Amino acid sequence: MQEKLGAAHLEALQELGAVSDSEALRAWELKYLGKKGVVTELVRGVGALPKEERAEFGKRANEVKQALELAYADREQLVKDQELARDLEQGEIDVTLPGRPRGIGGLHPSTTTLREFYAIWAEMGFQVFRSRDVETDEMNFELLNIPAHHPARDMWDTFHTTTPGVVLRTHTSPGQIRSMRELGENGTQPIRVILPGMCYRYEQVSVRSEIQFHQVEGVAIGKHIHLTDLKGTIAEFARRMFGADKDVRFRSSYFPFTEPSMEVDVECLLCGGKGCQMCKYSGWLEIAGCGMMHPVVLQNGGYDPREWSGFAFGMGVERMINLKYGVKDIRYYWGNDLRFLEQF
Ligand code: FA5
C-alpha cells in the first residue's frame, strides 16, 4: 500500500505538470482526488491493513493528499492565467466593452415610507421624537391605563425578556408617556410629536401580521384640543399620503389609553370604494387607531387633565405600504428577497 501510494503521488505530479487547460485540470482532479479517485480509494483502503500499520499509512496518505491539493491549486492559478493570456491574444476578450454595473443597493420600502411620513408630518407641525424599543411593563401598559391582569392586555401579545418587567414594546404608545415627561416641562408646555419605531408582537405570522413592524404614533397636547382637531389632522394626513380625492371615515373603537377611541379607514385605493378582494369587499381600508387622550394618561405624563387635553394616533407602516402599492403579503418586508425590495 505504501508503495502504491508513493507511485500514485509521483504519477499524479507528473501528469499535473503536463496539464495546460481547465478541462484537463478537472479530469486530473477527478482521477486523483475525486470521490472515486486513486488517492481517495487508497485512503479508504486503510481499513484493510494490519492494525499496527494503519496509523503510519493514514498519516502518510493524508500528507500525499494535502500535497496534491496544494499542487492542484498552484496549477489551477497557472492554467487560468495562461488561458486569460491566450484569450486576450486571440482577441476573444474585448477589453473595450463597458464594465458590468455593480448594484449600489437601495433603501428599504419601510425606510422610504417612514421618510415620507416625516415630511408630511413636519409640514403639519409635528417633530420626530425617538423612543426606545425595549420598554418597561409600566410604560408599555400600566401608565397607559392598562393595569396588570386587565383584559385589554390580550390586545397585545407580548415578547417578555428574561428580566422581569422588561418587554419589547408592543406598540409605540409608551412613547406618549416618555414624550410628555421629556418635552412637557412638568405639564406646562404644549407638544406635537410623531414617534416612529419598530414594534414587536408574539403573534402568528401571516399574510397580514408580522412579529415585527413599524408604527408611527402621533401625540398633540394643548389647552384647546378637541375631537374635531384629531379628525381634521388625520384626514389631512390621509389626503397628503394617498391623494386629495380619497374619502376618510372614522369608526368608534376601544383603546384603554384614549377616550373616545376610533379607527380610521381610507377609501380603498385599489377599487375606489366599489369593493374588491383587497378591502374584503367593504370599499374601505383601515389605516390607524386613534382617540382623545385619556385623563389618566395625561396625568401620568405630568399634565392636569382639567386644563389640558390632547389626541393620539397609531399607524402601521407596513400595512400602509401594502395599501399604497397593493402588496398582498406583509411577510415580504423582512424576507430579504431582492426581487421584492428592488421594486421600490
Ligand atoms: C395600537 O397598537 C395602538 N397603540 C394604536 C393607538 C395609538 C390607538 C394611539 C390610539 C391612540 P393596534 O394594535 O390596532 O393599535 O395597532 C395599530 C396598527 O399597527 C394597526 O392598525 C396595524 O396597521 C399595525 N399592526 C398591528 N399589528 C400588526 C402586525 N402584527 N403586523 C403588522 N402590522 C400590525
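Coordinates for the structure precede this section.
So, how was this worked out
- Residues numbered from 1 in each chain as written.
- Predicted model: local features only at pLDDT ≥ 70, side-chain atom pairs only at ≥ 80, totals over all residues.
- Heavy atoms only, no water.
- Helix = DSSP H or I, 4+ residues; strand = E, 2+ residues; numbered from the N terminus.
- Buried < 20%, exposed > 50% of the residue type's maximum accessible area, 1.4 Å probe, protein only.
- Lys, Arg positive; Asp, Glu negative; His and termini not counted.
- Charge placed at Lys NZ, Arg CZ, Asp CG, Glu CD.
- Arc of directions from axis to C-beta.
- Contact = heavy atoms within 4.5 Å.
- Polar contact = N/O pair within 3.5 Å; in protein donor to acceptor, adjacent residues only side chain to side chain.
- Near = heavy atom within 4 Å.
- Areas by Shrake-Rupley, 256 points an atom, 1.4 Å probe, with all protein chains shown as cover.
- 1 Å grid on protein atoms, 1.4 Å probe; cavity = no way out; pocket = protein on both sides within 12 Å on 5 of 7 lines; lining within 4 Å.
- Sits in = over half its atoms within 2 Å of the grid points.
- Nonpolar A, V, L, I, M, F, W, Y, C, P; charged D, E, K, R; others polar.
- Salt bridge = Lys/Arg side-chain N within 4 Å of Asp/Glu carboxyl O.
- Phe/Tyr/Trp six-rings, centres within 6.5 Å; stacked < 30°, edge-to-face > 60°.
- Points joined across faces, edges and corners; volume = space filled by probe spheres on them.
- Pairing = 2+ DSSP bridges.
- Axes fitted to C-alpha atoms, helices over the stretch in contact; angles between N-to-C directions.
- Core = buried A, V, L, I, M, F, W, Y, C linked by side-chain atoms within 4.5 Å.

Asker: How should the overall build of the protein be read in this particular structure?
Answerer: Along the protein, the regular secondary structure elements total 11 helices and 9 strands. With the C-alpha coordinates of the protein rotated into their principal frame, the extents come out at 100 × 55 × 40 Å. A burial count over the protein gives 42% of its 344 residues as buried. Of the side-chain charges in the protein, 41 are positive and 49 negative, and the distance between the mean point of each set is 3 Å.

Asker: Sorry if this is basic, but what is going on with helix H2 (residues 22-32) here?
Answerer: Counting along an α-helix, one turn takes 3.6 residues, and residues three or four places apart therefore face a common direction. Those residues of H2 not exposed but buried are Leu25, Trp28 and Tyr32. All buried residues of H2 fall inside an arc of 60 degrees around its axis, so they share one side. The exposed set on the far side of H2, more than 90 degrees from its buried face, consists of Glu23, Arg26 and Leu30. Where H2 is buried, its residues contact helix H1 (2-18), helix H3 (38-44) and helix H4 (51-89). Looking at where H2 begins, the residue whose side-chain oxygen comes 3.1 Å from the main-chain nitrogen of Glu23 is Asp21.

Asker: How should I be thinking about the site of the ligand in this particular structure?
Answerer: For the ligand, the set of nearby residues contains 24 residues, the closest of which are His171, Ser173, Arg201, Glu203 and Glu286. The side chain of Arg201 places a nitrogen or oxygen atom 2.9 Å from an oxygen atom of the ligand. Here the ligand loses 94% of its free accessible area of 680 Å² to cover by the protein chains. If you map the ligand onto the pockets, it falls in the largest pocket. Counting only elements with at least two residues in the shell around the ligand, the list comes to strand E5 (212-222), strand E8 (284-293) and strand E9 (309-316). In terms of residue count, the dominant contributor to the shell around the ligand is E9 (4 residues). Looking at the shell around the ligand residue by residue, the classes come out as 8 nonpolar, 9 polar and 7 charged.

Asker: Just to check I follow, could you spell out the side chain of Glu135 for this structure?
Answerer: Structurally, Glu135 is set in strand E2 (residues 134-136). A polar atom in the side chain of Glu135 sits 2.7 Å from the side chain of Arg178. Residues contacting Glu135, with those up to four places away along its chain left out, are Asn140, Gly165, Val166, Val167, Arg169, Pro174 and Arg178.

Asker: Honestly, the pattern of salt bridges in this entry has me stumped. Any pointers?
Answerer: Where charged atoms from two side chains of opposite charge approach closely, those side chains can pair. In total, this model carries 20 salt bridges according to the counting rule given. Here Glu123 ties to Arg240 by a salt bridge, and the two come within 2.8 Å at their closest N and O atoms. Of the two residues, Glu123 is situated in helix H5 (residues 109-123) and Arg240 in helix H8 (residues 227-242); the sequence distance between them amounts to 117 residues. One salt bridge in this structure joins Asp304 and Arg306, with 3.2 Å as the shortest N-O distance. Owing to a relative accessible area of 26%, Asp304 belongs among the partly exposed residues under this scheme. Counted as one network, the salt bridges with shared partners bring together Glu123, Glu236, Arg239 and Arg240.

Asker: How should the packing of aromatic side chains be read in this particular structure?
Answerer: Centre-to-centre distance and the angle between the planes together describe a pair of aromatic rings. This structure, assessed with the given rule, holds 16 aromatic pairs. Judged by centre distance (4.8 Å) and plane angle (10 degrees), the ring pair of Trp121 and Phe237 falls under stacked. Pair noted here: Trp121 is in helix H5 and Phe237 is in helix H8, with a separation of 116 residues, a long-range link. Here Trp121 matches Phe237 in class, with each residue buried.

Asker: It is not clear to me how unusual backbone geometry should be interpreted in this structure. Could you clarify?
Answerer: Omega for the peptide link from Glu259 to Pro260 comes to 0 degrees, which places this bond in the cis form. Position of Pro260 among the secondary structure elements: in strand E7 (residues 258-267). Phi at Asn145 is positive, roughly 70 degrees, even though this residue is not glycine. Considering the arrangement of structural elements, one finds Asn145 in the loop between helix H6 (137-140) and strand E3 (166-168).

Asker: Is there a simple way to think about the layout of surface pockets in this case?
Answerer: The gaps left among the atoms become clear once a water-sized probe is rolled over them. For the largest pocket, the calculated volume is near 1200 Å³. Taken together, 48 residues form the lining of the largest pocket, with Arg208, Glu286, Ile287, Gly316 and Arg319 sitting closest to its centre. Contributions of two or more residues to the lining of the largest pocket are made by E5, strand E6 (248-255), E7, E8, E9 and helix H10 (317-325). For the lining of the largest pocket, the leading source of residues is E8, giving 8 residues. Counted by class, the lining of the largest pocket contains 20 nonpolar, 13 polar and 15 charged residues.

Asker: Explain the sheet that holds E8 here, please?
Answerer: Within a sheet, adjacent strands bond to each other through the backbone by hydrogen bonds, running parallel or antiparallel. If you walk across this open sheet you meet the 7 strands as E1-E4-E5-E9-E8-E7-E6, and the pairing is mixed. Both edges of this open sheet fall to strand E1 (127-128) and E6, since each of them pairs with a single strand only. Both E8 and E9 contribute to a ladder of 5 bridges, which runs antiparallel. Counterpart to Met292 in the pairing with E9 is Phe311. Strands in contact with H10 are E5, E8 and E9; relative to E9, the strand with the most contacts, it is inclined by about 65 degrees.

Asker: Is there a simple way to think about the nonpolar core in this case?
Answerer: Burial of nonpolar side chains together is a common tendency in soluble globular proteins. In terms of nonpolar packing, the biggest core is built from 40 residues, with Phe117, Trp121, Phe237, Ile287, Phe311, Phe313 and Met315 touching the most fellow members. In terms of residues, this core owes the most to one element, H8, which gives 6 residues. Among the nonpolar cores identified, the runner-up in size contains 23 residues, and Phe141, Leu144, Val219 and Ile221 belong to it.

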